[in-house]
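Spelled out, the chains give:
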Amino acid sequence: MKKLHPKLDSIQEEKLSIFRDMVLEKNKVMNLTAITEEDKFYLKHFVDSTKILSFVELKGRVLDLGTGAGFPGIPLAILCPDTEFFLIDSLRKRIRFLEEVVQRLELTNVSLLHARAEDAGRGELRESFDAVVTRALAPLPLLLEYCIPFLKTGANLYAYKGIKLDEELKESKNALHQLKVKVEKVYIYTLGDEEHRILSAKKTKSTPKLYPRRPDEIKKAPL
């Protein structure tokens, strides 16, 4: 982490350590992560979550959709205190845990919401974010329909993906067209002995009112 983020200070370092401890303690009673070894935890959760900062600057209002145990949103919020982060998850008990994290770490730049993406994307949060980040949420055709409605026109989705991204992009041509999205860049990096990717995709026009569709429609007939 220090090599990746040379400006990491002692307070941020302490907050990351406390967050790690809170996740592992809660993991004893709630399934949050299968990664419990300290080195692997830092590598696969903290280094991976914050690697995006090597490629882009996150500013304004950033949404972490399907945040789960708080990745990548919480580590990014710790490292980017001047950026506003909004974390959404469909499981209430995960949001309750993250409420404890936000309070303990005194993260004044983090807001939390228990909601399904399909519902929140039609409400007051629609087209209100400067960026969306998401990690291990869904296959790309579904992911685009979940995420794009939240973005302002001209804003970017940053989707953390693996080596199958090229295949997912081929399957997402219609979704990209229907949702008015342009693939800008794919950032490739190595994590341990694994190759990872972050897709950068820009929203070029306002999202048609049809999207996002109902959950059953999205899953039965992905764009």
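Placed above this text is the structure.
Counting from 1, residues in each chain are numbered in the order their sequence is written. Only residues with pLDDT of 70 or above have their local features reported here, since the model is predicted, and side-chain atom pairs are shown and tallied only from 80 upward, although totals for entire chains, interfaces and linings are computed over all residues. Computation of side-chain values: all heavy atoms of the structure, hydrogens and water removed.

## Notes on the overall build of the protein chain
Selection rule: Helix and strand definitions here come from DSSP, where helices need a minimum of 4 consecutive H or I residues and strands a minimum of 2 consecutive E residues; each element is numbered from the N-terminal end. Atoms counted for the radius of gyration: C-alpha only. Globule rule: 2.2 Å times the number of residues to the power 0.38. Residue burial is assigned from relative accessible area. The probe radius is 1.4 Å, only protein chains are included, and a residue is buried under 20% of its type maximum, exposed over 50%, and partly exposed in between. Note on areas: these come from Shrake-Rupley sampling with a 1.4 Å probe, and a residue is covered only by the protein chains present in the view. The convention is simple: Lys and Arg are positive, Asp and Glu are negative, and His and the chain ends are not counted. Charge coordinates come from a single atom per side chain, which is NZ of Lys, CZ of Arg, CG of Asp or CD of Glu.
A tally of helices and strands in the protein chain yields nine helices and seven strands. Over its C-alpha atoms the protein chain spans a radius of gyration of 17 Å, differing by no more than 12% from the 17 Å that the globule rule assigns to 223 residues. Along the longest, intermediate and shortest principal axes, the C-alpha atoms of the protein chain span 45 × 35 × 30 Å. In the protein chain, which comprises 223 residues, the share counted as buried stands at 52%. Accessible area for the protein chain stands at about 11,200 Å²; split by element, carbon and sulfur atoms hold 48% of it. Within the protein chain, one finds 38 positive and 33 negative side-chain charges whose respective centroids are separated by 5 Å.

## Observations regarding the environment of Leu-8
Along the chain, the position of Leu-8 falls in the segment before helix H1 (10-26). For Leu-8, a relative accessible area of 14% gives the class buried. Sequence separation between Leu-8 and Tyr-158 is 150 residues, and the spatial gap between their C-alpha atoms is 23 Å.

## Regarding helix H6 (residues 140-147)
H6 sits mainly inside the fold: eight of its eight residues count as buried. All of the buried residues in H6 are Leu-140, Pro-141, Leu-142, Leu-143, Leu-144, Glu-145, Tyr-146 and Cys-147.

## Some words on the pairing of strand S1 (residues 61-65)
Stated formally: What makes two strands pair is DSSP finding at least two bridges between them. When the strands point away from the viewer, a crossover counts as right-handed if the route from the first strand across the helix to the second turns clockwise.
For S1, the tally of buried residues reaches four of five residues, placing the bulk of the element in the interior. The pairing of S1 with strand S2 (residues 84-89) spans five bridges and is parallel. Bridge pairing links Asp-64 to Leu-87 in S2. Crossover S1 to S2 through helix H3 (residues 73-79) is right-handed. In this sheet, strand S4 (residues 129-135) lies alongside S1 in parallel orientation, the contact comprising three bridges. Opposite Leu-63, over in S4, you have Val-132 as the bridge partner.

## Points about the layout of surface pockets
Heads up, the condition is: Cavity means a closed set of points on a 1 Å grid over the protein atoms alone, one where a 1.4 Å probe fits but cannot get out, pocket means an open set with protein on both sides within 12 Å along at least 5 of 7 lines, and lining means a residue has an atom within 4 Å of a point. Grid points are joined across faces, edges and corners, and a volume is the space filled by probe spheres set on the points. For this classification, Asp, Glu, Lys and Arg are treated as charged, while Ala, Val, Leu, Ile, Met, Phe, Trp, Tyr, Cys and Pro are nonpolar and the rest, including Gly, are polar.
In this structure, the largest pocket occupies an estimated 650 Å³ of space. In this structure, the largest pocket is lined by 31 residues; those nearest its centre are Gly-66, Gly-68, Arg-135, Ala-136 and Leu-137. Of all the secondary-structure elements, those providing two or more residues to the lining of the largest pocket are helix H2 (38-50), S2, helix H5 (117-120), H6 and strand S7 (194-203). No other element matches the three residues that H2 contributes to the lining of the largest pocket. Of the volumes computed, that of the second largest pocket is approximately 360 Å³. Considering the residues around the second largest pocket, the lining is formed by 16 residues, among which His-5, Lys-7, Leu-53, Leu-79 and Cys-80 are closest to the centre. A breakdown of the residues in the lining of the second largest pocket according to their chemical character gives eight nonpolar, four polar and four charged.

## Quick word on H1
Short version of the rule: To estimate how far a helix should reach, multiply one less than its number of residues by 1.5 Å. Every residue pair with non-hydrogen atoms within 4.5 Å of one another is taken to be in contact. Think of a polar contact as two N or O atoms within 3.5 Å of one another; within protein, one of them needs to be a possible hydrogen donor and the other a possible acceptor, and neighboring residues in sequence only count if both atoms come from side chains.
Across its 17 residues, H1 extends 24 Å between first and last C-alpha, which sits within 8% of the 24 Å expected from 1.5 Å per residue. Gln-12, Leu-16, Ile-18, Phe-19, Arg-20, Met-22 and Val-23 are the residues of H1 that are buried. Summarising the contacts, the buried residues of H1 are in contact with H2, H3 and helix H4 (92-105). Among the residues of H1, the N-terminal cap falls to Asp-9, whose side-chain oxygen and the backbone nitrogen of Ile-11 are separated by 3.1 Å.

## A word on the packing of aromatic side chains
Let me state the cut-off plainly: Under the pairing criterion, centres of Phe, Tyr and Trp rings, with the six-membered ring standing for Trp, must be within 6.5 Å; the plane angle then separates stacked pairs below 30 degrees from edge-to-face pairs above 60, leaving the rest tilted.
Throughout the structure, instances matching the rule amount to ten aromatic pairs. Centre to centre, the rings of Tyr-42 and Phe-46 are 5.0 Å apart; their planes meet at 85°, and the pair counts as edge-to-face. Here the residue Tyr-42 and the residue Phe-46 both occupy positions in helix H2, the gap between them amounting to four residues, near one helical turn. The burial state of Tyr-42 is the same as that of Phe-46; both residues are buried.

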